[in-house]
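Below, each chain spelled out in residue letters.
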Amino acid sequence: MRRDGGITHTLARHMEGASHMAEGYTRARAGNIGVCVGTSGPAGTDMITGLYSASADSIPILCITGQAPVARLHKEDFQAVDIASIARPLTKMAMTVLEPAQVPGAFQQAFHLMRSGRPGPVLIDLPFDVQMAEIDFDPDTYQPLPVYKPAATRAQIEKALDMLAQAKRPIIVAGGGIINADAADLLTEFAELTGIPVVPTLMGWGALPDDHRLMAGMAGLQTAHRYGNATLLASDFVLGIGNRWANRHTGGLATYTAGRTFVHVDIEPTQIGRVFAPDYGIVSDAGAALKLFVEVTRERESAGWLTDRTAWAQECRQRRATMQRRTHFDNVPVKPQRVYEEMNRAFGPETRYVSTIGLSQIAAAQFLHVYRPRHWINAGQAGPLGWTTPAALGVCVADPDTPVVALSGDYDFQFMIEELAVGAQFNLPYIHVLVNNAYLGLIRQSQRGFDMDYCVQLSFDNVNAPEVGGYGVDHVKVAEGLGCKALRVTEPSEIGPALEEAKKLMAEYRVPVVVEVILERVTNVSMGTELDNVVEFEDLAERREDAPTAVVALLD
């Protein structure tokens, strides 16, 4: 490789971090596959969380590990572990290659499996003697194995459209499978042809721009909009494409399904009926299905068979203009809602957001705006703490020309904080917004139901940093010690100027820039147990001034 080139290597500080970087790299651009390489033993076991995250969200990454020589695998050699057996439940393939001549075929099969059907990760384990062997291989005649994607038939699409034609208030639930299939343009075309409002899942956010007239908002128990839940509950037909009916989206199934007909399109056969039985299921890649949906719908449009959905779409848009949450608070310490309001002002539609889990991510989904596919990159099902920083760095490597903004709570930020040094070393600039309440906020909020506040506080008096006022870790000093720039904000009026200063520092120094906002210790973010029973803990928006950065201006 030294002689021939072809690989650009970014050295992580932790093998779990490397696996999350690989996922961020994959998710930033269609067709990418991130690769992470580690030594034997603990490197592979460190990668397991990354494999779990990638598997859970259908993301192809390739993990390559070293291994003890074949002859020593059964002798408990130094750093020898059966990583293939450990990784197998979380991968589409996990194998230890025992014969050097099998290496080309192993990699050929790996890339075939990662891209075929429901995408996912692969681990290849290479014993030292296998790595060192010389084999005959002709790269000029090598051909990759063809990728397999199940595709809907025309008859299936026609039946689904016939069922759709009977509905009065249909919606499309757009899942992450549309993003994976790079089919957002087809979704937009289909929605515009039919006039049907779209409810994206968290993994599908950005498939339809937030400012599109048919964007109806997200639904769910946490990462949802008031108007999105209201629209889903008002619907009588749901066409799910590339989604998995996750429980944080559906809530109680009796409430979610009552009075509605469901058609489910998904690339993975076992997803059809996994959560509840749809009225009709289609096993298909989202892109292949949407291509046919568009084709057949255009034919029906030419024949004058399409139903006019204008009134229904306008009803949904009216909900967007009236059912909003308040973001404008002047409180000190800062309320988190104000942070997202200022982020909406500071960052344009070209921004990629990266986040993983916690109240910070839930509130981001409720208040931020996303306008393009792959511009909301989120660890959905696994949600490992610490994912945000390395994933953001992987996104920066994949697309250095697009602004990247990461979002973390203080606990997520501390998990893999060492990876900031990777951004400094390799000049991977991005802005990391850190909302700090010195709490495990999501767990603390969940404990309310038990009338407890137990083992969730991260606050302490830092003897080296009394200026942080009992909030514990001095994130500014840590970030600076790792070669990055950092700013701390304590008042809402300072947030906007700090974000603008961060842009300048990022451009000048070409390193990650952390903007820490000191929040009030306790904030309860809107959530509930049913779509019709989401608890709102703050006053709702009543005037435009209450939600000044909402995409659709509030009707006073």
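Let me begin by describing the structure that accompanies this report.

Rules used in this analysis
Residues numbered from 1 in each chain as written. Predicted model: local features only at pLDDT ≥ 70, side-chain atom pairs only at ≥ 80, totals over all residues. Heavy atoms only, no water. Pairing = 2+ DSSP bridges. Helix = DSSP H or I, 4+ residues; strand = E, 2+ residues; numbered from the N terminus. Axes fitted to C-alpha atoms, helices over the stretch in contact; angles between N-to-C directions. Contact = heavy atoms within 4.5 Å. 1 Å grid on protein atoms, 1.4 Å probe; cavity = no way out; pocket = protein on both sides within 12 Å on 5 of 7 lines; lining within 4 Å. Points joined across faces, edges and corners; volume = space filled by probe spheres on them. Nonpolar A, V, L, I, M, F, W, Y, C, P; charged D, E, K, R; others polar. Core = buried A, V, L, I, M, F, W, Y, C linked by side-chain atoms within 4.5 Å. Buried < 20%, exposed > 50% of the residue type's maximum accessible area, 1.4 Å probe, protein only.

The strand order β6-β5-β7-β8-β9 describes an open sheet built from five strands, whose pairing is parallel. The open sheet has two free edges, formed respectively by β6 (198-200) and β9 (280-283), since each of these has just one partner strand. Averaged over neighbouring strand pairs, the angle between their axes works out to 15° when direction is ignored. Strand direction decides the pairing type here: strand β8 (residues 261-266) and β9, joined by four bridges, are parallel. Bridging across to β9, H264 finds its partner in G281. Running over the sheet, helix α8 (residues 184-194) touches β5 (170-174), β6 and β7 (237-241) and is turned about 175° from β5.

Below, the discussion takes up the layout of surface pockets. The volume enclosed by the largest pocket comes to roughly 1,400 Å³. For the largest pocket, the lining is made up of 38 residues, of which M1, I7, V35, V37 and I64 are closest to its centre. Those elements giving two or more residues to the lining of the largest pocket turn out to be α1 (15-28), β1 (34-38), α4 (103-115), α5 (128-132) and α16 (388-398). At five residues, the largest contribution of residues to the lining of the largest pocket is made by α1. Taken together, the residues that form the lining of the largest pocket break down as 28 nonpolar, eight polar and two charged. Computed from the structure, the second largest pocket encloses a volume of approximately 1,000 Å³. Lining the second largest pocket are 50 residues, and of these D57, G176, G177, N180 and M203 sit closest to its centre.

Moving on, we get to the nonpolar core. Grouped together as the largest cluster of nonpolar side chains are 76 residues, with contacts concentrated most on F293 and M343. Of the residues forming this core, the biggest block, seven residues, is contributed by helix α12 (residues 286-302). Once you skip the residues sitting within four places of it in the chain, F293 turns out to touch I157, A160, L161, F190, L239, I241 and V265. M21, W387, V395 and A486 belong to the second largest nonpolar core, which has 28 residues in total.

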